[in-house]
Structure formats: C-alpha cells, structure tokens
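Results of the structural survey
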Amino acid sequence: MAEEAVLRYLEKNEEISDSGEFAEDRGLSHDDIVNIIKSLNGFRLVDAQDIKKERWVLTDEGKKYAEAGSPEVQLFLAIPAEGIAREDLQKKLESSIFKIGSQQAIKNKWIEMGKSQVSRKVQQVEDKIKILLLQIQNGEAVSSEDIDALKRRKLITQQIWKGYSVRKGPKYAPKRKKAATDLTRENIQRGDWKELEFKEYNFSAKGQPLEGGHLHPLLKVRRQVQMIFLQMGFEEMPTNNFVESSFWNFDALFQPQQHPARDSHDTFFLKEPSTTKTLPEDYVDRVKEVHENGGYGSRGYGYEWKREEANKNLLRTHTTAVSSRMLYLLAQKPFAPKKYYSIDRVFRNEAVDRTHLAEFHQIEGVMCDRGLALSDLIGVLHEFFSRLGMSKLRFKPAYNPYTEPSMEIFSYHEGFKKWVEVGNSGMFRPEMLQPMGLPEDVQVIAWGLSLERPTMILYGIDNIRDLFGHKVDLGLIKRNPVCRLGLQYMDSA
Ligand code: PHE
C-alpha cells in the first residue's frame, strides 16, 4: 500500500518533496512511509534525502492552558467586579493556577493584590497566551518574541522532525519485483525462470547459532577437581552404588549402632530390598568384636553389636562407605601404597533450605601408606586446596567416629573476607583399619568436602535450589562460563 503509493507517485512526478506531507495527504502513517522509503532506497529504486524540521509543540502544561485558558486569565475571571478576599480567591483556584496566575496578572497590571483583598484594575482582558498556544498547535507561524516568551514559561518545546525527500533511483521501476530465493520445479515447467530475478547470496550473513549440549556447572567443577586428583596421582574409586548396607556405611567405619546419624531422621533406609545379601563373614566377626570389646589397643564401645542393624540397606550418607570397601579390598592383597579419590552423590534425610538438599555430591581423597602422620595430611591438604585456589588454610580439631585425630578445614575467602569451612579430614582409626587386615604400620589419611559449595561460590549462586533440582533455570546451564579453578576461585565474591 505505502510502497505502491510511493512508486506510483514517482512514475508521474519528479519528486516527493516531503514524506510527512505525502503521508498526511494520503492518510498513511509516516512511520510506514519512512520504512518503505528506506527499503526502496536500499535497493536503489529511489534516491532519498534526509530532511529535518524543527517545530514547536506544546508541553503538558501548555496543552492544559490551550484548553482551559492561561492561569492569569483564569485568575482574572475568578475576581468579581467588586473584588474578593485573597483567601477566598485562593480557595476558588488550583494552587498552581493561583500562584502562576497572580504573578502574571500582576505583571500585566491586570489586578491589584493587597494583603487581604484582590481587585481588578482593568475591565477586560484578552487571553493572548491561549491564542498563541492554539496557533502553535495548528502549526501556524508565531513571532520569535512570542516563541521566546512561551519557551521561558515552559509551555512549548522544540521537536526535531525527520523525514525524506524522494526521487527516482537508478533502479527505479513502478513496481518492485520480488526477488526469487529458490528455483523450483514449477519455475522450470512454466518457463518463468527466464524472467525471474534471483536474490543474491549474502555470504556474510550469520547462520543460526548451533544448539549443542551444555554442561551443568557441577559437571564442570567436578571435571576440574578430577583433573587435580589425577595430576596428583590419585585413582578413582568405583562409586556406582547409591544403595549401600549399613555395614559398609557405618559399622566398618567404627560408627556405633546407637550413633544418632544411624537414625531414620538422618538417613534414608530402604524398604525394598531392606537388607543386604552378603557381607564378608570373617571380617564381619572382627568388626563385631572391635565394636563390642575393642582390640588393637582399643577398649571398644562395650555394647551388644547386632547383625540385623548392619544388614539394613540405606542410601549412602557419605562416599567414605566406598573408601571402606576399597580399603578392605586393599587389605586382602599384599600391601601396596595407594591414593584414591571419588566424586559422587550422597543422601541425607535433611530439611531442605537454601544451603541444604537431601542429596549432594562429595569429593573424597584417601591415601594409604606405611608411616603416614598428621603432618602428611596437613601437607596434602595444602597441596590439594591450593590447586582449588585456596592457599590459606586453618585446621580445627573435630570428631568423626572413624578418624583420630580429625580436623575441620577452613579456608580464608578473599571475596567474603572471612574464614569459611571447606572440608573435614582425619587419620582413620586402628579400630577401622586393623580388622580389615591392613598391616599395623599402615596409616590412612583422608578428607572430604562437598562439590556444591565451591561450585556455588565459583558461579555466584547463593541458593542451592538454583543449582540443583527441578527449579534450576535451563538458561543458567546454557550460558554459564567454563570453570577455571585457582585464582578465579579466590577472586569470586
Ligand atoms: N565422611 C566425612 C563427611 O561426610 C568426610 C570425611 C572423609 C572425613 C574422610 C574424614 C575423612 O563429612
């Protein structure tokens, strides 16, 4: 419609001198005309020249006065011939009208305003302001002094109007041919391919971005942590069993059967199958013995150990369950030093809040060798955590049923400017290692931490439900940066 109007007009006329007038004469929207002119100009069907016009338009205040009259006239008309008390006049008018109106009316010498009384000084007044405003609204010419006066009173403002003047271009045609994008079977059958104009290839057009797979931040951080362990010579433990028996999750770790963590309030027990089928019997006997009566220099717990308790299946509460299986297996062969790690999911029956879920991922490192000491643990923790970007560490004595001594690990967070807990560690107790059959002089040092904590700090996520679970925004997974541990980790606040 608009395109046809422009091209047809130019067929018979030299020029469209003003796109604005052209649009108005035909009742078309100027924006539509402008878009068409730009497009025709791009294809050289027309030659368009910019035109700019400055014009005055009424401000909101100006529009009000154009309709209701200027404040000074409104005020003048509110004063009766015999005069009026100032207070009464004020009540009759809007406060801005009273204020501006009295200033202007006094300036025009229309009224006399005493302390208490207001009276007219002239019989009649003319609303010149309203007349001027209406003239401007209608696009009529107004003298420059009047413009200045209205501008000073902020009743009008300048608007820059942009349009075009248009002539035929080098590729002018009264009707634009739509360029064909494809050569079809029908074009060939009909023979109209001879007349067709084909759209040129645009070799610099960008293609659709490819939608490949995206890695979740936890996977990226896991990969980096895995690389750290591999670089430090650790082997991965097989953690592919979420279901574990209480025996490997607790008993083998010298965790007594009355321990509160073994309560169903803390641990998810399985209904089906509710118990494990096989356990290594002679080892089970030694575990029972050490729980009940001790040995290897220990007094034990002195309670009656129950096999049924150990048989109960559960969702593992820590990956240390896997470490205990691995150490048991290691003890069945002639001893060789080992460095093991794992990163996998664990489950705890916890109330869900912004930092806790009922499932999360644990990172665990285990080293076994003859004569290892607490200093070795401290050393390897420094090595491991500094590779994660945490080089300032502090340790606090802690308690785990299976380690002695035990240490909580704190790291100074440069972004948060405080010490934050980053893990737990210790030396496995002889009550755990000796029943497995490991040589007496073999020590095992180990540590654990969550994968979620560093990931949240690294990616600036403060609610764990934004990281894991059904509320996670897929956009987060598509757009998160690659993970780089080290300095970045310290910098991120
Ligand atoms: N299993 C401990 C936990 O769940 C972590 C840990 C692993 C502590 C190894 C000491 C040694 O928090």
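Residues numbered from 1 in each chain as written. Predicted model: local features only at pLDDT ≥ 70, side-chain atom pairs only at ≥ 80, totals over all residues. Heavy atoms only, no water.

Concerning the sheet that holds strand β7 (residues 235-236)
Note the following rule: We call two strands paired when DSSP finds no fewer than two bridges between them. Under the scheme used here, helices are H or I runs from DSSP no shorter than 4 residues and strands are E runs no shorter than 2 residues, and both carry numbers assigned from the N terminus. In what follows, a contact means two residues having at least one pair of non-hydrogen atoms within 4.5 Å. Every axis corresponds to a line fitted to the C-alpha atoms, with the helix fit spanning only the stretch in contact, and the corresponding angles, defined between N-to-C directions, vary from 0 to 180 degrees.
In spatial order, the strands read β7-β10-β11-β15-β14-β13-β12; together these seven strands make up an open sheet with mixed pairing. Only two strands of the sheet have a single neighbouring strand rather than two, namely β7 and β12 (393-400). Bridge count for β12 against strand β13 (residues 403-413) is seven bridges, and the pairing is antiparallel. Residue Phe395 lies in a different strand from β13, and its bridge partner there is Ile409. Along the sheet face, helix α15 (residues 320-331) touches β10 (338-347), β11 (359-370), β14 (418-428) and β15 (442-450) and points at about 25 degrees away from the line of β11. The strands that helix α16 (residues 374-387) touches are β11, β12, β13, β14 and β15; relative to β15, the one it contacts most, it runs at about 35 degrees.

Comments concerning the pattern of salt bridges
Worth spelling out the cut-off: Each reported salt bridge corresponds to a side-chain nitrogen of Lys or Arg within 4 Å of a carboxyl oxygen of Asp or Glu.
Tallied over the entire structure, the rule returns 27 salt bridges. A salt bridge links Glu3 to Arg176; the nearest nitrogen and oxygen atoms lie 2.8 Å apart. Of this pair, Glu3 sits in helix α1 (residues 2-12) while Arg176 sits in the loop between β6 (156-168) and α10 (185-190), and the two are 173 residues apart along the sequence. We note a salt bridge from Glu309 to Lys312, for which the minimum N-O separation is 3.1 Å.

Let's talk about the nonpolar core
Just so we agree on the cut-off: Among buried residues, the Ala, Val, Leu, Ile, Met, Phe, Trp, Tyr and Cys ones that are joined through side-chain atoms within 4.5 Å form a nonpolar core. Accessibility here uses a 1.4 Å probe with only protein chains present; expressed as a share of the type maximum, an area under 20% marks a residue as buried, one over 50% as exposed, and anything in between as partly exposed.
Among the nonpolar cores identified, the biggest contains 39 residues, and Val225, Phe384, Phe385, Leu388 and Trp447 are the most heavily contacted of them. Broken down by secondary-structure element, the contributors of at least two residues to this core are α11 (217-231), β10, β11, α16, β13, β14, β15 and α18 (452-459). Those residues in contact with Phe384, other than ones at most four positions away along the chain, are Val225, Ile228, Phe229, Met232, Ile363, Trp447 and Leu449. Membership of the second largest hydrophobic core comes to 31 residues, among which are Leu279, Val284, Val322 and Phe335.

Section: the sheet that holds strand β2 (residues 46-58)
Pairing is antiparallel in the open sheet, where three strands are placed in the order β1-β6-β2. Single-partner strands in this sheet number two, and they are β1 (15-16) and β2. One ladder, built from 13 bridges, connects β2 with β6; its direction is antiparallel. Residue pairing across strands places Ala48 opposite Val166, the latter belonging to β6. Against the sheet, helix α2 (residues 19-26) contacts β1, β2 and β6, and its axis sits at roughly 85 degrees relative to β6.

Some thoughts on the packing of α1 against helix α3 (residues 30-42)
The following threshold applies: Here the angle decides the label: under 35 degrees means roughly parallel, over 145 means roughly antiparallel, 65 to 115 means roughly perpendicular, and every other value means oblique. If you view the pair so one helix is near and one far, a crossing is left-handed when the near helix is turned anticlockwise from the far one by less than a right angle, and right-handed when it is turned clockwise. Each residue gets one label: Ala, Val, Leu, Ile, Met, Phe, Trp, Tyr, Cys and Pro are nonpolar, Asp, Glu, Lys and Arg are charged, and the others, such as Gly, are polar.
Viewed as axis vectors pointing N to C, α1 and α3 meet at an angle of 60 degrees, and their least axial separation amounts to 9 Å. In this view, α1 runs oblique relative to α3, as classed from their interaxial angle. Helix-helix and strand crossings are classified by hand; for α1 and α3 the assignment is right-handed. Contacts from Ala2, Glu3, Val6 and Leu7 of α1 reach α3 at Ile33, Ile36 and Leu40. Residue classes in the contact of α1 with α3 are distributed as six nonpolar, no polar and one charged.

As for the confidence of the model for the protein chain
Worth spelling out the cut-off: A residue's pLDDT is simply how confident the predictor is in it, with values from 0 to 100.
Of all residues in the protein chain, 98% attain a pLDDT of 70 or more, and the chain-wide mean is 92. Counting interchain partners and residues more than four positions distant, the pLDDT-below-50 stretch residues 487-493 has 20 contacts.

A short note on the site of the ligand
Note the threshold: By convention in this text, a residue qualifies as near a molecule or strand provided that one of its non-hydrogen atoms is within 4 Å of it. Each polar contact in these results corresponds to two N or O atoms within 3.5 Å; when the atoms are within protein, one needs to be able to donate a hydrogen and the other to accept it, and residues that are neighboring in sequence are counted only if both atoms are side-chain atoms. What sets the accessible areas is the Shrake-Rupley method with a 1.4 Å probe; for residues, cover comes only from the shown protein chains.
The immediate surroundings of the ligand are formed by 13 residues, with His318, Thr320, Arg348, Gln362 and Tyr402 found nearest. In this structure, a nitrogen atom belonging to the ligand sits 3.2 Å away from a side-chain N or O atom of His318. The separation between a nitrogen atom of the ligand and a polar side-chain atom of Thr320 is 2.8 Å. In isolation the ligand exposes 320 Å². Once the protein is present, 91% of that is buried. The set of elements that each furnish at least two residues to the shell around the ligand consists of β11, β14 and β15.

Side note on the packing of aromatic side chains
The relative placement of two aromatic rings is captured by the distance of their centres and the angle of their planes. To keep it simple, the criterion reads: Each Phe, Tyr or Trp ring, with Trp reduced to its six-membered ring, pairs with another whose centre is within 6.5 Å; inter-plane angles below 30 degrees give stacked pairs, above 60 give edge-to-face pairs, and intermediate values give tilted ones. Sitting over a ring, as applied to charges here, requires NZ of Lys or CZ of Arg to be within 6 Å of the ring centre and within 35 degrees of the ring normal.
If you walk through the whole model with that rule in mind, you get 20 aromatic pairs. Through a chain of ring-to-ring contacts, three or more aromatic side chains come together here, namely Phe229, Phe234, Tyr341, Phe384, Phe385 and Trp447. It is Lys312 that lies over the ring of Phe269; its NZ or CZ is 5.7 Å from the centre.

Section: the pairing of β6
With two bridges joining them, β1 and β6 adopt antiparallel strand pairing. When the bridges of β6 are listed, Ile16 appears paired with Val166.

Digging into the environment of Leu433
Assignment of secondary structure puts Leu433 in helix α17 (residues 430-436). Along the chain, Leu433 and Tyr296 lie 137 residues apart, while their C-alpha atoms are 9.9 Å from each other. With residues near it in sequence (within four places) discarded, Leu433 still touches Leu327, Phe428, Leu438, Val442 and Val444.

With respect to helix α9 (residues 144-152)
Here is the rule we go by: Taken from the helix axis, the directions to the C-beta atoms give the arc we talk about.
Regarding α9, the residues found buried are Asp146, Ile147 and Leu150. The buried residues of α9 all sit within an arc of 105 degrees when viewed along its axis, so they share a single face. Turned more than 90 degrees from where α9 packs its buried face, Ser144, Glu145 and Arg152 sit exposed. On its buried face, α9 sits against β2, α8 (128-137) and β6. Where α9 ends, the next residue or the one after it, Lys154, has phi of about 55 degrees, a positive value.

Comments concerning the packing of helix α5 (residues 71-78) against helix α7 (residues 95-107)
Running from N to C, α5 and α7 cross one another at 90 degrees; their axes reach a closest spacing of 7 Å. One element, α5, and the other, α7, form an angle in the roughly perpendicular class. Between α5 and α7, the residues in contact are Pro71, Glu72, Gln74 and Leu75 and Ile97, Phe98, Ile100, Gly101, Ser102, Gln104 and Ala105, respectively.

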